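Structure at a glance
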Amino acid sequence: NIFPQLKLWRWRKFCKKEVYFFSELNERSFTLAKSINKTDSENSVIIFANVNKSKGAFIEFYCKEVKRFGAICLSDNITHIKKQCKGNKKLFLINDDEIENLQILTELADEFDKNSKNSTEIYLFCQDYAYIDIEKQFRAKFNEKCAPVVIPVRHYRNLITNMLETTPLYEPIVHKQKEDRILNVTILGIGDIGTEMFLNTYWI
């Protein structure tokens with residue numbers, strides 16, 4: 001664990017690149033980090049927290065892959081990692097347990113430097129609307145000029161929207177016919193994904 005800490009110290013001391021923090025190593029964070037590295041590897045630093053506590057069948061594979069493209073993997077919780085740096089920061093609260101993401105956001109409010117001049121964006125992965133009250137409490141501790149920007153990411157909404165963009169709902173039925181038709185849609189499942197599917201279907 002010494003070498004990741006040394007890399008972290010070197011980055012904090014000298015690097016002016018944009019830094020991406022991930023609160024956990026899992027399928028979503030791995031996919032997102034891989035995409036960031038592919039598009040902007042020369043101007044970015046990627047840091048994973050809580051790596052030793054990550055769970056899942058493919059964690060060892062994910063860990064080897066992210067280390068291969070130069071990511072820093074730490075066992076510390078994201079709230080315990082010093083984030084002061086010369087460049088801009090993006091934090092992804094992307095734990096599989098989304099209640100933990102809300103808890104991390106609450107804890108982060110006490111950590112940020114109120115006078116920081118570097119911009120910070122916090123991407124909160126959460127389906128629950130409880131994030132609204134927590135975000136208000138978070139922003140209340142800062143003045144407008146230095147407040148980190150909190151951006152909620154509704155993962156299931158993105159999933160459904162992307163799916164319907166790739167395979168439009170009406171295409172298999174309507175094909176290239178131009179006349180108006182009433183479509184009957186059956187949605188199986190009433191969880192978060194089913195709810196988002198219902199809302200998008202109604203909108204369409």
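Below: a short report on this structure. Quick caveat, the model's predicted, so the values are computed rather than measured.

Time to look at the nonpolar core. Counting 26 residues, the largest nonpolar core has I47, L93, L105, L124 and F138 as its most contacted members. Counting residues per element, the ones that place at least two in this core are strand 1 (18–22), strand 2 (44–48), strand 4 (89–93), helix 4 (98–108), strand 5 (120–125) and helix 5 (131–140). Ranked by residues supplied to this core, first place goes to helix 4 with four residues.

Here the focus is the pairing of strand 4. Looking along a regular strand, one sees the side chains alternate between the two faces of the sheet. Judged by how many residues are buried, strand 4 sits mostly within the fold: five of five residues are covered. Side chains K89, L91 and L93 project from strand 4 onto one buried face, and the interleaved K90 and F92 project onto a second face that is buried too. Pairing between strand 1 and strand 4: four bridges, direction parallel. Bridge pairing in strand 4 places Y20 opposite K90. As defined by bridge partners, strand 4 adjoins strand 5 across five bridges and the pair is classed as parallel. Counterpart to F92 in the pairing with strand 5 is Y123.

Moving on, we come to unusual backbone geometry. The backbone of N50 shows a phi angle near 60°, a positive value even though the residue is not glycine. Take N50: it is sitting in the loop between strand 2 and helix 3 (59–68).

Right, let's talk about the packing of helix 6 (residues 155–166) against helix 8 (residues 192–203) for a bit. A pair of packed helices is characterised by two quantities: the angle between their axes and the separation of those axes. Axis separation between helix 6 and helix 8 bottoms out at 9 Å; the angle between their running directions is 50°. Here helix 6 is positioned oblique relative to helix 8, judged by the angle of their axes. As for the relative orientation of helix 6 and helix 8, their crossing is right-handed in sense. Residue-level inspection shows Y156, R157, L159, I160, T161, M163 and L164 of helix 6 in contact with helix 8, the latter providing D192, I193, E196, M197 and N200. A breakdown of the residues in the contact of helix 6 with helix 8 according to their chemical character gives seven nonpolar, two polar and three charged.

Calculation rules
- Each residue is numbered by its place in its chain's sequence as written, counting from 1.
- In keeping with the model being predicted, local features are shown solely for residues with a pLDDT of at least 70 and side-chain atom pairs are shown and tallied solely at 80 or more, while totals for entire chains, interfaces and linings include all residues.
- Processing note: side-chain calculations cover all non-hydrogen atoms of the structure and skip hydrogens and water entirely.
- Take the buried residues of types Ala, Val, Leu, Ile, Met, Phe, Trp, Tyr and Cys, join any two whose side-chain atoms come within 4.5 Å, and each joined set is a nonpolar core.
- Type-normalised accessible area, obtained with a 1.4 Å probe on protein chains alone, sets the label of each residue: buried when under 20%, exposed when over 50%, and partly exposed for intermediate values.
- Only DSSP runs of H or I with at least four residues qualify as helices, and only runs of E with at least two residues qualify as strands; both kinds are numbered from the N terminus onward.
- Strand pairing requires that DSSP identify at least two bridges connecting the strands.
- Lines fitted to C-alpha atoms define the axes, with helix axes restricted to the stretch in contact, and inter-axis angles between N-to-C directions lie between 0 and 180 degrees.
- For this classification, under 35 degrees means roughly parallel, over 145 means roughly antiparallel, 65 to 115 means roughly perpendicular, and everything else is oblique.
- Left-handed describes a crossing whose near helix is turned anticlockwise from the far helix by less than a right angle; the clockwise case is right-handed.
- A contact between two residues is defined here by any heavy atoms of the two lying within 4.5 Å.
- Classes in brief: Ala, Val, Leu, Ile, Met, Phe, Trp, Tyr, Cys and Pro nonpolar; Asp, Glu, Lys and Arg charged; the others, Gly included, polar.

Function cannot be inferred from these measures alone, as they are strictly geometric.
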